Amino acid sequence: MNPVYIVKHEYAINRLDREKLNKHKSFLVWFTGLSGSGKSTIANLLEKKLHELNVHTYSLDGDNLRSGLNKNLTFSKDDRNENLRRAAEVAKLFVDAGVVAIAAFISPYIKTREEIKELVGAENYIEVFVNTSLEICEQRDVKGLYKKARAGEIKNFTGINSVYEAPVNPTIEIKTPSDSPDVAVSKIMEVIKSKL
Ligand SMILES: Nc1ncnc2c1ncn2[C@@H]1O[C@H](COP(=O)(O)OS(=O)(=O)O)[C@@H](OP(=O)(O)O)[C@H]1O
Ligand SMILES: Nc1ncnc2c1ncn2[C@@H]1O[C@H](COP(=O)(O)OP(=O)(O)O)[C@@H](O)[C@H]1O
């Protein structure tokens, strides 16, 4: 491969300038959990709450990125990792833009989540584990995908025939259904309010 010569530009305006303009700090709230665990529901409610508080936000959701930026990717281990690497790079740009980035991805591997944390910087990374049992997710089966996976129509479905490695030490753990979406958002706000 030919060598690549890249020299980074120094921008005139930086993250601190944008945070000052926005009147709040920026960071990344990363949701992880099984399909149907409640990531998108809680992430949406959190974004609404922050918006009401005049906080600039942007949401990145697995399904949505996979229909655009990541539409060429499957659910193999390599492709999930590429999906998450791109999502984390985009989230990092939003944090640099002075925005609170909210990401909701299954993100099933411990090592990948560690890489995401390293990429955005540990001080900018809040991990929310939406801990809902496979049994409950399967009962909910919001999109009918568990049924299809059980019938063998979907290969590599997380929790059925593809691994989910639960976080050992997440910043915040939400248990559903015992934590309602409102309670979940209160728990997250309690942690992030001092970072805003
Ligand atoms: N094989 C397989 N395994 C898991 N999920 C699948 C699969 N195929 C499609 N879907 C749908 O894709 C959504 C998860 O995409 P993510 O980008 O969050 O997954 S990952 O982080 O790359 O593992 C997930 O959405 P959520 O239910 O919102 O999590 C599913 O609707
Ligand atoms: N306590 C709860 N927290 C979040 N979602 C819940 C809760 N109780 C029930 N649900 C339901 O579970 C489903 C979760 O779906 P969704 O938010 O799309 O999950 P995910 O993004 O993890 O796939 C929704 O239909 C939601 O209404």
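Numbering of residues starts from 1 in each chain and follows the order in which that chain's sequence is written. Chains and ligands are labelled by the order in which they are written, letters from A for the one and numbers from 1 for the other. Whole-chain, interface and lining totals are the exception, using all residues; otherwise, since this is a predicted model, local features are given only for residues with pLDDT of at least 70 and side-chain atom pairs are given and counted only at 80 or more. The basis for every side-chain value is the complete set of non-hydrogen atoms in the structure, without hydrogens or water.

1. Digging into the site of ligand 2
Working definition: residue near molecule or strand if any one of its non-hydrogen atoms lies within 4 Å of it. Of all residues adjacent to ligand 2, which total 15 residues, the nearest are G36, K39, S40, T41 and D179. Pairs of N or O atoms are called polar contacts if they sit within 3.5 Å, as long as, within protein, a hydrogen donor faces a hydrogen acceptor (for residues adjacent in sequence, only side-chain-to-side-chain pairs). At a separation of 3.0 Å, an oxygen atom of ligand 2 approaches a polar backbone atom of G38. Accessible surface area values rest on a Shrake-Rupley calculation with a 1.4 Å probe, where residue burial reflects the displayed protein chains alone. Summarising the interface, the protein chains cover 75% of the accessible area of ligand 2, which totals 570 Å² for the free molecule. Spatially, ligand 2 is embedded in the largest pocket. Here a cavity denotes a set of grid points, spaced 1 Å apart and computed over the protein atoms alone, in which a 1.4 Å probe fits but from which it cannot get out, and a pocket denotes an open set meeting protein on both sides within 12 Å along at least five of seven lines; residues with an atom within 4 Å of a point are reported as lining. Criterion for pocket placement: a molecule counts as inside a cavity or pocket if more than half of its atoms are within 2 Å of its grid points.

2. Re unusual backbone geometry
Between T176 and the following residue, P177, the backbone shows a cis peptide bond with an omega angle of 10°. Looking at where P177 falls in the secondary structure, it is placed in the loop between strand 5 (172–175) and helix 8 (181–192). One non-glycine residue, N54, adopts positive backbone phi at about 65°. On the accessibility criterion, N54 (62% relative accessible area) is exposed. Its identity as a non-glycine residue notwithstanding, D141 has a phi of 35°, on the positive side. Think of it this way: any DSSP run of H or I at least four residues long counts as a helix, any run of E at least two long counts as a strand, and we number them from the N terminus. The residue D141 is located in the loop between helix 6 (134–140) and helix 7 (145–150) in this model. Only protein chains enter the calculation, and the probe is 1.4 Å; a residue is then buried if its accessible area is under 20% of its type maximum, exposed if over 50%, and partly exposed in between. For D141, a relative accessible area of 17% corresponds to the buried category.

3. Side note on the UniProt feature "active site" (unreviewed entry) in the protein
UniProt positions are given in the numbering used here, feature names are shortened, and annotations may be inferred rather than shown by experiment. If you check UniProt for "active site" (unreviewed entry), the listed places come out as S107 in our numbering. Along the chain, S107 turns up in the loop between strand 3 (100–104) and helix 5 (110–120). Note on contacts: a residue pair is in contact if any heavy atoms of the two residues lie within 4.5 Å. Look past the residues within four positions of S107 in its chain and what remains in contact with it is W30, F31, T32, L84, R113 and Y164. Within the local environment of S107, its side chain forms a polar contact with the backbone oxygen of F105, the two atoms lying 2.8 Å apart.

4. Looking at the packing of aromatic side chains
Pairs were defined over the aromatic rings of Phe, Tyr and Trp, the Trp ring being its six-membered one, requiring ring centres within 6.5 Å. Orientation was assigned from the angle between planes: stacked under 30 degrees, edge-to-face over 60, tilted for the rest. Considering all chains together, one arrives at four aromatic pairs under this definition. Taking the centre distance of 6.2 Å and the plane angle of 25° together, the rings of F129 and Y164 count as stacked. Here F129 is found in strand 4 (residues 125–131), whereas its partner Y164 is found in the loop between helix 7 and strand 5, with 35 residues between them in sequence. Residue F129 shares its accessibility class with Y164, and that shared class is buried.

5. Some points on the pairing of strand 3
For a regular strand, side chains alternate in direction, first toward one face of the sheet and then toward the other. Most of strand 3 sits inside the fold, with five of its five residues counted as buried. Burial of strand 3 is two-sided: the residues V100, I102 and A104 facing one way and the residues A101 and A103 facing the other way are all buried. Pairing between strand 1 (residues 28–32) and strand 3: four bridges, direction parallel. In the sheet register, F31 faces strand 3, and the bridge partner there is A104. One bridge is not enough; two strands pair if DSSP finds at least two bridges between them.

6. Side note on the nonpolar core
A general trend in soluble globular proteins is that nonpolar side chains are found buried together. Core analysis: the biggest nonpolar cluster contains 21 residues, and F31, L46, V128 and I188 have the highest contact counts within it. Of the residues forming this core, the biggest block, five residues, is contributed by helix 8. Setting aside residues up to four positions removed in sequence, F31 forms contacts with K39, I42, A43, L46, I102, A103, A104, F105, S107, V128, V130 and I188. Counting residues in hydrophobic clusters, the runner-up holds 16 residues, among them L28, L60, I116 and Y125. Nonpolar core, defined: a set of buried Ala, Val, Leu, Ile, Met, Phe, Trp, Tyr and Cys residues in which side-chain atoms within 4.5 Å join the residues together.

7. Some thoughts on the UniProt feature "binding site: ATP" (unreviewed entry) in the protein
Following the UniProt record, the feature "binding site: ATP" (unreviewed entry) maps to G33, L34, S35, G36, S37, G38, K39 and S40 here. Residues from the annotated list that form part of the lining of the largest pocket: S35, G36, S37, G38, K39 and S40. Take G33: it is sitting in the loop between strand 1 and helix 2 (39–52). On the basis of relative accessibility, which here comes to 0%, the residue G33 falls in the buried class.

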